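# Reading the structure
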Amino acid sequence: MNPIAEQYITGLKKTYFENHGKESWEHFEKIKHGLAQENIQQLKQLYPEIPGALMDLLKYADGTYWREYEGEKTAFYFLGSDIPEYPYYLLASGEIIENRDLAARYYKDYIGREYDEVEVDEKITNTVKDLKWLHFSDCMNNGGTSQLFIDFSPSEKGTKGQIVRFVHDPDEFTVIADSFEDYLKMLMAKGFDFINEEFME
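Heads up: these notes are all about the structure in this document. (Residues numbered from 1 in each chain as written. Predicted model: local features only at pLDDT ≥ 70, side-chain atom pairs only at ≥ 80, totals over all residues. Heavy atoms only, no water.)

## Structural notes on the sheet that holds strand β3 (residues 88–90)
Pairing within the open sheet is mixed, and its six strands lie in the order β3-β5-β6-β7-β8-β4. Where the open sheet ends on each side, the last strands, each with one partner, are β3 and β4 (119–120). Of the strand pairs in this sheet, strand β5 (residues 133–139) and strand β6 (residues 146–151) are connected by five bridges, and their pairing is antiparallel. Paired with W133 across the bridge in β6 is D151. The sheet contacts of helix α8 (residues 180–189) involve β5, β6, β7 (162–167) and β8 (172–177), and relative to β8 the element is tilted by about 85°. (Pairing = 2+ DSSP bridges. Helix = DSSP H or I, 4+ residues; strand = E, 2+ residues; numbered from the N terminus. Contact = heavy atoms within 4.5 Å. Axes fitted to C-alpha atoms, helices over the stretch in contact; angles between N-to-C directions.)

## Let's talk about the environment of P48
Note on placement: P48 falls in the loop between α3 (37–46) and α4 (52–60). For P48, a relative accessible area of 67% puts it in the exposed group. (Buried < 20%, exposed > 50% of the residue type's maximum accessible area, 1.4 Å probe, protein only.)

## Some details on the environment of M55
Note on placement: M55 falls in helix α4. The exposure class of M55 is buried, given its relative accessible area of 4%. In this structure the C-alpha to C-alpha distance between M55 and M188, which are 133 residues apart in sequence, comes to 18 Å. If near-sequence neighbours (up to four positions away) are discounted, M55 is found in contact with L35, I40, L43, K44 and I50.

Structure representation (structure tokens):
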């Protein structure tokens, strides 16, 4: 397993335990499973540069977003962002594949800078036809407020593989890390602040 992904999972588990989430973690660990081989192949075909750390998270648990495991639907907080104390879900490999055109479909006007009031990071391209984003996470309210993407088509000022955070109302697109590994390191450095006792109740 990618060492950053392994360190992340270990730290996340510890944080759950420290915030009265031991029972929740152990139940999730008991029922969850990793992604199927055919989805590994399809993801690599769609996204040849998909980060190993993300693949390893999906091999550990193929999604936490109202994901059905063992006949039971589970919603399990697994990720965060630069927004303090705000949890996100890890999308399943099938959802990532299904959502491959989501950004171009829903955000083309924003990417094209058609609205002055919408802030779009200069590290993000303004050419919609070349857009290649991997949608890997939705926030705690079913993605209505915030979504996370890996950007494989940055502007000249950006970095291929950078992490883009969309947040709604006011709408904005911000690059929050230069790579998926840097993104996980940021969450660890913030002490997994998206997990707290309030969410364990």
